[in-house]
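Fold and geometry: a report
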Amino acid sequence: MMKRTICTALVLGSVFCGSALQADEAHRPRLFAQFGEMVNTPDGMALDAKGDLYLSSPNFQDKNFPGVILRRCSKTGTWSVFTPALLHPETRAAGPMGIAFGPDGNLYYCDNQYFNNRNYKSRILRVLVADDGAPLRIEPVVENVKFANGIRFRGNDLFFTDTCFDLPGRAVGGVYRVPMSAFRERPARLLPKDRAEKDPFFLGAIETQVLKKRNDLAAADGLCLAANGDLYTGSFGCGNFYKLARRPDGTYEKPKLLLSDPSVFSCCDGICYYEKKNWIIMADSAKNAIRYWDIGKERQGAAAAFGTLWENDDVTGEDGLLDQPCEVLVFEGNKLLVANFDLKFPDLKNTSNDRVHTISVIDL
Ligand SMILES: [Ca+2]
Ligand SMILES: [Ca+2]
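Structure report, in brief. Given the structure is predicted, the values throughout are model-derived calculations rather than measurements.

What counts and how
- Residues numbered from 1 in each chain as written.
- Chains lettered and ligands numbered in written order.
- Predicted model: local features only at pLDDT ≥ 70, side-chain atom pairs only at ≥ 80, totals over all residues.
- Heavy atoms only, no water.
- Helix = DSSP H or I, 4+ residues; strand = E, 2+ residues; numbered from the N terminus.
- Rg over C-alpha atoms; globule rule 2.2 N^0.38 Å.
- Contact = heavy atoms within 4.5 Å.
- Lys, Arg positive; Asp, Glu negative; His and termini not counted.
- Charge placed at Lys NZ, Arg CZ, Asp CG, Glu CD.
- Buried < 20%, exposed > 50% of the residue type's maximum accessible area, 1.4 Å probe, protein only.
- Pairing = 2+ DSSP bridges.
- Axes fitted to C-alpha atoms, helices over the stretch in contact; angles between N-to-C directions.
- Salt bridge = Lys/Arg side-chain N within 4 Å of Asp/Glu carboxyl O.

1. Examining the overall build of the chain
- Broken down by element type, the chain carries one helix and 27 strands.
- Expected size for 364 residues packed as a compact globule is a radius of gyration near 21 Å; at 19 Å, the chain falls within 12% of this value.
- In the chain, the share of contacts with a sequence separation of at least 24, taken over all contacts with a separation of at least 6, comes to 54%.
- When the 44 positive and 45 negative side-chain charges of the chain are each reduced to one mean point, those points stand 3 Å apart.

2. With respect to the pairing of strand E27 (residues 357-363)
- Taken across its seven residues, E27 has six buried, putting it largely inside the fold.
- Relative to E27, strand E3 (residues 30-35) is paired through five bridges, and the arrangement is antiparallel. The partner of Arg 30 across the bridge, within E27, is Val 361.
- Bridge count for strand E26 (residues 335-340) against E27 is five bridges, and the pairing is antiparallel.

3. Here we look at the sheet that holds strand E13 (residues 157-162)
- Across the sheet, four strands lie side by side as E12-E13-E14-E16; this open sheet has antiparallel pairing. The two strands at the open ends of the sheet, each matched to only one other strand, are strand E12 (148-154) and strand E16 (202-207). The average undirected angle you get between the axes of adjacent strands in this sheet is 20°.
- Judged from the five bridges that link them, E12 and E13 form a sheet pairing that is antiparallel. By the bridge assignment for E13, Phe 153 is matched with Leu 158.

4. Let's talk about the pairing of strand E23 (residues 289-294)
- In terms of burial, E23 is largely enclosed, as six of its six residues are buried.
- Hairpin connection of strand E22 (residues 279-284) to E23: four residues between the antiparallel strands, including Asn 288 at a positive phi of 50°.
- Sheet topology note: the E23/strand E24 (residues 306-311) ladder contains five bridges and is antiparallel. In the sheet register, Tyr 292 faces E24, and the bridge partner there is Gly 307.

5. Section: the pattern of salt bridges
- In this structure the tally under the stated criterion is 20 salt bridges.
- When the shortest N-O distance is used, the salt bridge between Glu 90 and Lys 121 registers 3.0 Å. Here Glu 90, found in the loop between strand E7 (79-84) and strand E8 (96-101), pairs with Lys 121, found in the loop between strand E9 (107-111) and strand E10 (122-129); they are 31 residues apart in sequence, far enough to count as distant.
- Residue classification places Lys 121 among the buried positions, given a relative accessible area of 14%.
- The network of salt bridges with shared partners includes Asp 104, Arg 126, Arg 137 and Glu 139.

Structural data, given as structure tokens:
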């Protein structure tokens, strides 16, 4: 089996040795799906109880195509439009990013309005789904969000990230938990960010160190929960990787920094939990890479727990390789789906918003 060492492992001063950072040909990404222009920034993914796959696309690359959520039938492999995403009444735009099914069978999603308006226009929305799987209508469940991005459920609790707080002198975002009971009658509302510490839904702040050239203030991005309920999240702007430990009473400890080394991990985008290995799997948007965090080795520190499944150079994605991977999803037990956002920001490997819009698949 061929192995190739990733050059970024060989950065002097890093605590990581080369063996911790190897990509394996067995994990070479292949093309899973390719879309036309109407799906030009594939992003959030989720599976329903039947195994049908859902994909959001806010279509930030070409806004002539409105934000949309697609569905792929598990029996036929056919993709179709599940629903157009709901337009915001003021911005007249839709930005569906992270998506997740709730225990009620409805599809919840992050409506990111930050690129249209930074004044708390983002929301968590839900698509009410009929018994036969058809979408009925879309309604807000959480409002007053700045940059809604990643979303997960555990039981009746909805967790999500708000990526940019826009507080003076700080590059910070945060993690929230909203119990479903809080939006039974009407949408829950977050407090303004200068009062986040007093917000009953606020779990903790996620900091980013602003890197030269990238100059990206985006903080909390992907999040997911391990089997024991511990929450993991990371910063888009610099790769800071955090854990919020779940206490026995169901409350959460403040975020603990597990990894902060942009020389090996400089961009945490979407993440997911891989139960079979007790790993967190992370999309590294900056480096066209898939990383992992082995929870079983967490106590030994980042040099033991952190690793790389795959990394490739700047490509269009037409051959299945990664083109700014933004979201990951464990699929059919032993595969990983990777959505390729392909919307360049400064100093990422991806240099071109090309016209190839793809999902990759990796054998785990
Ligand atoms: Ca592409
Ligand atoms: Ca590209």
